[in-house]
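Observations on chain architecture
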Amino acid sequence: MGSVIDVALPENSYQIAIGHNTLDELGATTQGLSEGLSGGQKLGKLGKKVLLVSNPVVFDHYGARAIASLESAGFEVFRCILPDGEEYKTLATIQKIYDTALENRLERSSTMVALGGGVIGDMTGFAAATWLRGINFVQVPTTLLAMVDASIGGKTGVNHPQGKNLIGAFYQPRLVLIDPLVLQTLPVREFRAGMAEVIKYGVIWDAELFARMEAVERLDELGYLGESLLQDILVRSCQSKADVVGKDEKEAGLRAILNYGHTIGHAVESLTGYTVVIHGEAVGIGMVAASRLAVALGLWDELCDRRQLALIAKAGLPTKLPQGLEIEAILDSLQMDKKVKAGKVRFVLPTAIGAVTITDRVSADTIREVLSKMY
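With an unreviewed UniProt entry as reference, the chain is termed 3-dehydroquinate synthase, source organism Planktothricoides raciborskii GIHE-MW2. Note on the chain: under the UniProt heading Function (unreviewed entry), the record states "Catalyzes the conversion of 3-deoxy-D-arabino-heptulosonate 7-phosphate (DAHP) to dehydroquinate (DHQ)." UniProt annotates the chain under Pathway (unreviewed entry) with the comment "Metabolic intermediate biosynthesis; chorismate biosynthesis; chorismate from D-erythrose 4-phosphate and phosphoenolpyruvate: step 2/7."

Written out as structure tokens, the structure reads:
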């Protein structure tokens, strides 16, 4: 059972391949990449050198299979194993990728393959975007969050001590290869974090997906989903992101809706040093806050707020702010958000299940009032 989704862009279009055991087809699929889809920029044939970037845990599980697949397709594979965790998503870590690329003489026709979650994908993509001013890049996401969100759309980058993802570039992969079977080794906490992004798509774009999740008794562990629902979640989430990115590749307008839950979520992440809550948990908290802000502004009703809250709780995600996190610190952090325009924070707020709006008319007092009730 497999699906292929087209990410149609003015240049550098690519495909998302979703299916069981696609990891074993990595080499053949990479080898078969065309010279750009219809309307795509001609990037030429891939060279034989591949740099596989991963972290120790993922590499122990899947590194040998990925390398074997690539080597069987005739690629010469090098590896760069980076420490695991958001706190390592820095320019200092990127330097290790550059050093490995230099040591093994990667060329413009060479390829970097990201085997891991969102952190590995973001860093590998940024390294690929900047090494020799841009080389080929393939995403092989191994977490639910990376599969449905981080691996798609070309956002790459690293964190600055003062804020998340402040250093980066838009750089599209040549291919995204998703094997749902690798989720069987994903820790439960990471699975739940990925469900936050799935719920996000239900709120901002896909009311039917939202309803499907409401109909399930539990969403907090992989085993409760079943093969059919998991495939539907992956396909519908990836299609939602592909639809939005296809309409607005570089966040000139519509794409900003993908930041639903991320504005306050990113502040919570950075203020807690990326160690107290992980990304998906922060997004869950951010979605609760955005929903309450929408209620306060009369954009949607208490029933919708309760429906979203129930879904977030069903996925086993936190719905309250971490204890000890000061509201004023959050307000200060919001000013560092990438979406600030002319000094005003822009929030993505829901108006109905499946629809959101973007507004900069949220007062600091309203934010304080909402956050004060979230401990």
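Once the structure has been displayed, the description carries forward.
Glancing now at the nonpolar core. Judged by nonpolar contacts, the single largest core of 96 residues is most densely connected at I16, M195, L334, F347 and L371. If one sorts the elements of this core by residue count, helix α10 (residues 279–296) sits on top with 9 residues. Contact partners of L371, with chain neighbours within four places excluded, come to I264, A289, L321, I327 and I330. One finds M112, V119, F126 and W131 within the second-largest nonpolar core, a separate group that totals 22 residues.

Right, let's get into the packing of aromatic side chains. Think of a pair of aromatic rings as described by two things: how far the centres are apart, and how the planes are tilted against each other in angle. Scanning all chains against the criterion turns up 1 aromatic pair. Each ring, one from Y98 and one from W131, has its centre 5.9 Å from the other, and the planes form 25°; the classification is stacked. Remark: W131 occurs in the loop between α4 (118–130) and β6 (136–141) and Y98 occurs in helix α3 (residues 91–103); sequence separation between them is 33 residues. When sorted by exposure, Y98 lands in the same class as W131, which is buried. Positioned above the aromatic ring of F75 is the side chain of K48, whose terminal nitrogen or guanidinium carbon lies 5.9 Å from the ring centre. The ring of Y201 carries K200 above its face, with NZ or CZ at 4.8 Å from the centroid.

Here the structure, examined in full by the defined rule, presents 2 cavities of 30 Å³ or more. Taken as a whole, the largest cavity spans an internal volume of roughly 110 Å³. Lining the largest cavity are 13 residues, and of these K164, H266, S333, M336 and D337 lie nearest its centre. Of all the secondary structure elements, the ones that give two or more residues to the lining of the largest cavity are β8 (163–170), α9 (262–271) and α12 (327–334). Counting residues per element, the lining of the largest cavity draws most heavily on α9, which supplies 4 residues. Taken together, the residues of the lining of the largest cavity sort by class into 4 nonpolar, 6 polar and 3 charged. As a volume, the second largest cavity reaches approximately 40 Å³. Residue lining of the second largest cavity: G261, T263, I264, G286, A290, F347 and V348, and that is the complete set.

In this structure the tally under the stated criterion is 20 salt bridges. R189 serves as the salt-bridge partner of E281, at 2.7 Å between the closest nitrogen and oxygen. Remark: R189 occurs in helix α6 (residues 188–204) and E281 occurs in helix α10; sequence separation between them is 92 residues. Three or more residues are tied together by salt bridges with common partners; here these are E86, K89, D122, K164 and E269.

Rules used throughout
- Residues numbered from 1 in each chain as written.
- Predicted model: local features only at pLDDT ≥ 70, side-chain atom pairs only at ≥ 80, totals over all residues.
- Heavy atoms only, no water.
- UniProt positions renumbered as here; feature names shortened; annotations may be inferred.
- Core = buried A, V, L, I, M, F, W, Y, C linked by side-chain atoms within 4.5 Å.
- Buried < 20%, exposed > 50% of the residue type's maximum accessible area, 1.4 Å probe, protein only.
- Helix = DSSP H or I, 4+ residues; strand = E, 2+ residues; numbered from the N terminus.
- Contact = heavy atoms within 4.5 Å.
- Phe/Tyr/Trp six-rings, centres within 6.5 Å; stacked < 30°, edge-to-face > 60°.
- Lys NZ or Arg CZ within 6 Å of the ring centre and 35° of its normal.
- 1 Å grid on protein atoms, 1.4 Å probe; cavity = no way out; pocket = protein on both sides within 12 Å on 5 of 7 lines; lining within 4 Å.
- Points joined across faces, edges and corners; volume = space filled by probe spheres on them.
- Nonpolar A, V, L, I, M, F, W, Y, C, P; charged D, E, K, R; others polar.
- Salt bridge = Lys/Arg side-chain N within 4 Å of Asp/Glu carboxyl O.

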